Amino acid sequence: MVGNSAEREDDESRRSKPRRRYARGRAVGARLAAVLGVLGVAAGAVWGLTYAAALEPSPTTREIPALSVQAANVKPGSVTPVNASLKDSPKKRKQRPSGGAGTQGSGGGSLTGWAERTSPVIGVPARALIAYGNAEIVTRQTNPGCRLSWATLAGIGRVESDHGRYGGAVLQANGLPSKPIIGVPLNGSGGFKSISDTDGGKLDGDTEVDRAVGPMQFIPSTWASYATDGNGDGVADPQQIDDAALAAARYLCAGGRDMSAAEGWWAGLWSYNQSVEYGQKVFGLADHYARAVNQRG
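Residues numbered from 1 in each chain as written. Predicted model: local features only at pLDDT ≥ 70, side-chain atom pairs only at ≥ 80, totals over all residues. Heavy atoms only, no water.

Student: Looking at this model, I keep getting lost on the overall build of the protein. Mind explaining?
Tutor: In terms of regular secondary structure, the protein is built from nine helices and zero strands. In the protein, the succession of helices and strands from N to C terminus is α-α-α-α-α-α-α-α-α. Taken across its 297 residues, the protein has 56% of its residues classed as buried. Taking the contacts inside the protein whose residues are at least 6 apart along the sequence as the reference set, 71% of them involve residues at least 24 apart. When the accessible surface of the protein is split by element, carbon and sulfur atoms take 49% of a total near 11,800 Å². (Helix = DSSP H or I, 4+ residues; strand = E, 2+ residues; numbered from the N terminus. Buried < 20%, exposed > 50% of the residue type's maximum accessible area, 1.4 Å probe, protein only. Contact = heavy atoms within 4.5 Å. Areas by Shrake-Rupley, 256 points an atom, 1.4 Å probe, with all protein chains shown as cover.)

Student: Before we go on, may I ask you to explain the environment of Ala245 in this structure?
Tutor: With respect to the helices and strands, Ala245 occurs in helix H7 (residues 241-252). Classification of Ala245 by relative accessible area gives buried; the value is 0%. Counting along the chain gives 91 residues from Ala245 to Ala154, while the straight-line C-alpha distance between them is 8.9 Å. For Ala245, the contacting residues outside a window of four places in its chain are Ala131, Tyr132, Ala135, Leu153 and Met216.

Student: Sorry, what's going on with the packing of aromatic side chains here?
Tutor: Note on aromatic pairs: each is described by the distance of the centres and the angle between the planes. Following the criterion strictly, the structure yields six aromatic pairs and no others. Each ring, one from Trp114 and one from Trp150, has its centre 5.4 Å from the other, and the planes form 80°; the classification is edge-to-face. Of this pair, Trp114 sits in helix H3 (residues 111-122) while Trp150 sits in helix H5 (residues 150-161), and the two are 36 residues apart along the sequence. There is no split in this pair, since Trp114 and Trp150 are both buried. Consider the rings of Phe218 and Trp223, whose centres lie 5.2 Å apart with planes at 70°: the pair is edge-to-face. Across this residue pair, the class does not change: Phe218 and Trp223 are buried. Taken together through their ring pairs, the aromatic side chains of Tyr226, Tyr251 and Tyr272 make up a single cluster. (Phe/Tyr/Trp six-rings, centres within 6.5 Å; stacked < 30°, edge-to-face > 60°.)

Rendered as structure tokens:
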């Protein structure tokens, strides 16, 4: 698991493919048995998860392969949107919510209340759920055709950084990990292609090559295109989980993708990381989270 140092070292030794953030391939022939932006694989939550830290541009446009998994019977629309889970749905907010994410009080009908109720059910920190839920709510308002689910973002966040807790970090109340989350140097070793420095080391501290940063693991050049202020503090910071989650949502929804449709969901995940194994892990985790919450009622 990501949070276990021994298993993490073993995971890193097995990595053989670079991560690619700029894939432009179309979802040709992508076939999934069931979707909602959350797809199913039994027992996905207990898989050993690879900490896939490296991201890089795709050099060519290529066909996206089919995601071959044993899919659970999850029908489109079966995951309850965050808004519908709140007793009093949040008022429509701008993309940069005034006062920051999760500031709608701590009552049962608030985003914070939803996160606090959901956290013990699925084992995801409430502070991370506030970020994922806020990203879904804002996306449904600003890009309703995307129909991205919080559960997909949670699946990605688990694989990428254990929800901001990679390397012993603690996700703090302000949405920042207690220490910066920085990926491996993309210097051509360990199966990764080399990505020369693009930000002068401003985000990743490396002036020679790039490294993926933050809870959702953006490389600096990608962050430059999708940087987003998700908590309304006037700063877009890839280490801050509200900012990172909303930026990830924008990235997944790019190009008019419908993340509630099979081809759209897989195209979004394939652009995030061109790895069928990665898609399977996110697929299983997202389905696990959504099912547990839906069963709770």
